[in-house]
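Architecture and fold: a report
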Number of protein chains: 2
Amino acid sequence: MAFGSSSSASIADVAKLAGVSTQTVSRVANGSDAVRPATKERVLAAMAELGYRPSFAARSLRAGSYHSVGLAMSGDIAATGRRYQVEGVATAAAQHRYAMTLLQLPDDEATLSEASRRMSSLPVDGQILYLGSDPSDFASFEPPAALPTVIISTRHHSHCATVSNDQMGCAVSIVNHLTQKGHREIRFVGGRRDSYANVSRQKGWEQALRTRGLHVVEPFHGDWTADSGYELGARLAQDETCTAIFASNDAIAVGVIYALRDAGLRVPEDVSVIGVDDSLVGVIPHLDLSSYRFNGTRVGAIAFDLATNPPEGGEIPHILVPGTIVERSTVAQASR
Amino acid sequence: MAFGSSSSASIADVAKLAGVSTQTVSRVANGSDAVRPATKERVLAAMAELGYRPSFAARSLRAGSYHSVGLAMSGDIAATGRRYQVEGVATAAAQHRYAMTLLQLPDDEATLSEASRRMSSLPVDGQILYLGSDPSDFASFEPPAALPTVIISTRHHSHCATVSNDQMGCAVSIVNHLTQKGHREIRFVGGRRDSYANVSRQKGWEQALRTRGLHVVEPFHGDWTADSGYELGARLAQDETCTAIFASNDAIAVGVIYALRDAGLRVPEDVSVIGVDDSLVGVIPHLDLSSYRFNGTRVGAIAFDLATNPPEGGEIPHILVPGTIVERSTVAQASR
DNA sequence: CTCTTGAATGTTAACGTTAACATTTCTCAT
DNA sequence: ATGAGAAATGTTAACGTTAACATTCAAGAG
């Protein structure tokens, strides 16, 4: 058992103990087959005895790359909607045997340039910036030449590749889904007005309705909670013509459903309700809620690819990843 | 604008362009005040022109440390219960201006030794291992001498510092809370039997009841979902004497509440219900659920401390971090 | 004008690793 | 035995940075 050796043993210490050159130790450490089994044994024994740990610093200095991708974030790692994308990047990295360096920024330093500045001195070959919906320097930010940069953002950026969930597409899909079931009076119930995602969903909904020549009723907005959904749902219950409701997230959808039921309407027989994020599975008894599930895994995978293997020239990519509808409860239009 | 320079500029390139020595560039890069303003200007200009990015590899090779902590995980980063601890580590790291290297392991490689082996070649000064509830090599694992190791685990380990949420303490607190309100017939509704957390909570509940000489009724177990909670709640509704229910998580608690109400009981007037994790805030209309909230931030902070600043000798720490009860709905015992 | 002093800048060496090349050792056909 | 060729191992140099020390320079005192 190692004893008192303060700093870790280097390849030279191992070499000396095993009676070989450092290069041979290096070969063993990297699994080269050009080492005699007997020698290999001795080296491995020496490594074990000294508790040898290869120096990442020296290796990557030599190699000129880190085999690691950086992810800069502000706010909660695991807030709904965010978590799957973070997980997606981590999974993509794991699959490529890359490490991932996570840099969490305090909210008051959550700008692209600050994130990039900090990331520059970390061991990463590429960076993925995933800040709040709208960092203050979004337009003016220029990525460092030495570090391939990807922004997770619904907005297009003039210098950086961008990827994100397709918020507009989400709305269009949902409207599609409902119209295919015969619904023509489809209302939108929004979350916070200052949320980019919420605004995009509303925009997509409105646009999809107009394309089809359907009736657009000015939507209500709340604050993403079920209680706010309930309140807005109670108002919508007065709307005699409405047969389908698109809620901007699942909590709102749940609130709306409860309000409709409390107003004597049947869900889904009278009114179909669908949410977004598919975040409430298993959490409410006897409630199967249809929802739109984003594909965070794919967003993460694409962000990883673009950051570690940036396209040479040409267009700057702006990729919107579609999700899918998880159908559990909406029904064909019925008369009310 | 930089143009075509394939690999990043080094300190030597900057020095040459600015007409100074590399040491002066180094001084500027590290904010030393022993550089004349005019010189500093020239160096900064050269850095900007070349898109200079300091080499993490060279710096840490020189320094002998990485200023970074590793977190190895298996499974979902953001599963309930896990997310706050991950976030806690990330936050602690950010506060100390450390980076965090996240290593995600596929489920079939989720052993402590594999995690440690992979982490050994990453740029970290210490590692935090946070695998599933019970990795196969928990008992036999020996941490590498060169890498301070902390395991996030409720179990005690003979060679590694361990930290975790105090599951037993959670149960004891909840029983305390309910007995203080006068409840004496307190039932437990469990999640999955193969979950370490669930088993600990049950054990703590049983122990706390016995200490007080209270009646212990053999608990039901389900699968963590609200539907399973509903089913078990429906059975408990038959239990005429029960006045308080401790559900092993919030979804179960919700299921139980609905079942009790459907059986004609009032919650909380007839029966108080409390859950664990405080995970359902804002997602169910008009439902304020009392819950036990773990202190993941503190678990993360302690894990970070132990990993980056390991105690010299003496006892191997095993720290259980208590959470707090978030009281929203339980009431004093009433007759039924 | 010289000397002293301190500020500014430069030089050297070392951190641990591995690609590229050089050397030694082994194996086997003659 | 001998030499050719292959296999195993060794040597050198370079990756980019900065601490420690060395040198140069500027400014003020005498």
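The text that follows walks through the structure, step by step, so that each part is easy to find. (Residues numbered from 1 in each chain as written. Chains lettered and ligands numbered in written order. Predicted model: local features only at pLDDT ≥ 70, side-chain atom pairs only at ≥ 80, totals over all residues. Heavy atoms only, no water.)

Notes on the environment of Gly70(A)
Residue and element names in this part refer to chain A. Put simply, the rule is: Put simply, DSSP marks the helices as runs of H or I at least four residues long and the strands as runs of E at least two long, and each gets a number from the N terminus on. Contacts are assigned to residue pairs that have any heavy atoms within 4.5 Å of one another.
You can see Gly 70 is positioned in strand β1 (residues 68-74). For Gly 70 and Ser 116, which are 46 residues apart along the polypeptide, the C-alpha to C-alpha distance reads 9.9 Å. Every residue in contact with Gly 70, bar those within four places of it in the chain, is listed here: Thr 101, Met 119, Val 124, Gly 126, Gln 127 and Ile 128.

Thoughts on the protein's contact with DNA strand D
Applicable threshold: In this text, near means that some heavy atom of the residue lies within 4 Å of the molecule or strand in question. Within 3.5 Å is the distance limit for a polar contact, defined as a pair of N or O atoms, with the added protein rule that one can donate a hydrogen and the other accept it, and that residues adjacent in sequence qualify only through two side-chain atoms. Residues are grouped as follows: Ala, Val, Leu, Ile, Met, Phe, Trp, Tyr, Cys and Pro are nonpolar; Asp, Glu, Lys and Arg are charged; all remaining types, including Gly, are polar.
Taken together, 23 residues form the shell around DNA strand D, and within it Ser21(A), Thr39(A), Ile11(B), Ser26(B) and Tyr52(B) come nearest. Each atom of DNA strand D within 4 Å of the protein was classed as base or backbone; sugar and phosphate made up 57%. Within the backbone of Ser55(B), one N or O atom sits 3.1 Å away from a phosphate oxygen of DNA strand D. Listing elements by their share of the surface near DNA strand D, those giving two or more residues are α2 (22-29) and α4 (56-63) of chain A together with α2 (22-29) and α4 (56-63) of chain B. When its residues are assigned to classes, the surface near DNA strand D shows eight nonpolar, 10 polar and five charged.

Looking at the interface of chain B and chain A
We count it as follows: Accessible area, probed at 1.4 Å, shrinks when two parts are joined; the buried area is that loss added up over both. Each salt bridge in this description consists of a side-chain nitrogen of Lys or Arg and a carboxyl oxygen of Asp or Glu lying within 4 Å of one another. Should DSSP find at least two bridges between two strands, the strands are regarded as paired.
Listed by partner, the interface residues are 56 residues for chain B and 56 residues for chain A. Interface area for chain B against chain A, summed over the two sides, is near 4,600 Å², with a carbon-plus-sulfur share of 61%. Considering only the surface of chain B that becomes buried against chain A, Arg53(B), Phe56(B) and Pro285(B) emerge as the three largest contributors, covering 14% of it. The interface formed by chain B and chain A contains two salt bridges. A salt bridge links Arg97(B) to Glu109(A), with the nearest nitrogen and oxygen atoms 3.5 Å apart. There are 21 residue pairs in polar contact (both at pLDDT 80 or more) connecting chain B and chain A. Mapped by element, the contributors of at least two residues to the side of chain B that touches chain A are α4, α5 (83-95), β2 (99-105), α6 (112-120), α9 (226-236) and α10 (250-262) of chain B. Direction of pairing for strand β2 (residues 99-105) of chain A relative to β2(B): antiparallel, over a ladder of three bridges. Residue Met100(A) lies in a different strand from β2(B), and its bridge partner there is Leu102(B).

Looking at the protein's contact with DNA strand C
Near DNA strand C lie 24 residues; those nearest to it are Ile11(A), Ser26(A), Tyr52(A), Ser21(B) and Thr39(B). Near the protein, meaning within 4 Å, the atoms of DNA strand C are sugar or phosphate in a fraction of 58%, with bases accounting for the rest. The separation between a phosphate oxygen of DNA strand C and a polar side-chain atom of Ser26(A) is 2.6 Å. Within the contact set of DNA strand C, a phosphate oxygen lies 3.0 Å away from a backbone nitrogen or oxygen of Ser55(A).

Overview of the relation of the copies chain B and chain A
Cut-off, in case you're wondering: Here the copies are matched by least squares. The fit uses the C-alpha atoms of residues with pLDDT of at least 70 in both.
Relative to chain A, chain B is turned by 180 degrees and slid 0.0 Å along the rotation axis, the superposed coordinates differing by an RMSD of 0.1 Å. This pairing of chains is accounted for by a two-fold axis. When the interface residues of chain B are mapped onto chain A, 100% of them are again interface residues, pointing to one common binding face.

A few points about the side chain of Gln85(B)
Residues and elements named next belong to chain B. Defined as follows: Only protein chains enter the accessibility calculation, which uses a 1.4 Å probe; a residue whose area is less than 20% of its type maximum is buried, one above 50% is exposed, and one in between is partly exposed.
Within the fold, Gln 85 resides in helix α5. Gln 85 gets classed as buried once you look at its relative accessible area, which sits at 4%. When neighbours within four sequence positions are excluded, Gln 85 is seen to be in contact with Tyr 130, Ile 152, Asn 165, Gly 296, Val 299 and Gly 300.

What to know about the sheet that holds strand β10 (residues 290-293) of chain B
Residues and elements named next belong to chain B. Our working rule: Here an angle of 0 to 180 degrees is reported between the N-to-C directions of two axes, which are lines fitted to C-alpha atoms, with helices fitted over the stretch in contact.
Pairing in this open sheet of six strands is mixed, and the strands run β7-β6-β8-β9-β10-β12 from one edge to the other. Of all strands in the sheet, those with a lone pairing partner are β7 (220-221) and β12 (324-326), marking the two edges. Here three bridges tie strand β8 (residues 244-247) to strand β9 (residues 272-276), and the two strands are oriented parallel to one another. In the sheet register, Ile 245 faces β9, and the bridge partner there is Val 273. Seen against the sheet, helix α7 (residues 167-180) touches β6 (186-190), β8, β9, β10 and β12 and runs at an angle of roughly 160 degrees to β9. Along the sheet, α10 makes contact with β6, β8, β9 and β10, crossing β9 at roughly 160 degrees.

A look at unusual backbone geometry
Here the residue pair Val267(A) and Pro268(A) is connected by a cis peptide bond, since its omega of 10 degrees sits within 30 degrees of zero. Tracing the backbone through its elements, the reader meets Pro268(A) in the loop between α10 (250-262) and β9 (272-276). Despite not being glycine, Arg97(B) has its phi angle at roughly 60 degrees, a positive value. If you trace the backbone, Arg97(B) turns up in the loop between α5 and β2. Phi is positive for Asp278(B), which is not a glycine, with a value near 50 degrees. Relative to the helices and strands, Asp278(B) is located in the loop between β9 and β10. On the basis of relative accessibility, which here comes to 8%, the residue Asp278(B) falls in the buried class.

All we've got here are geometric facts, nothing functional implied.
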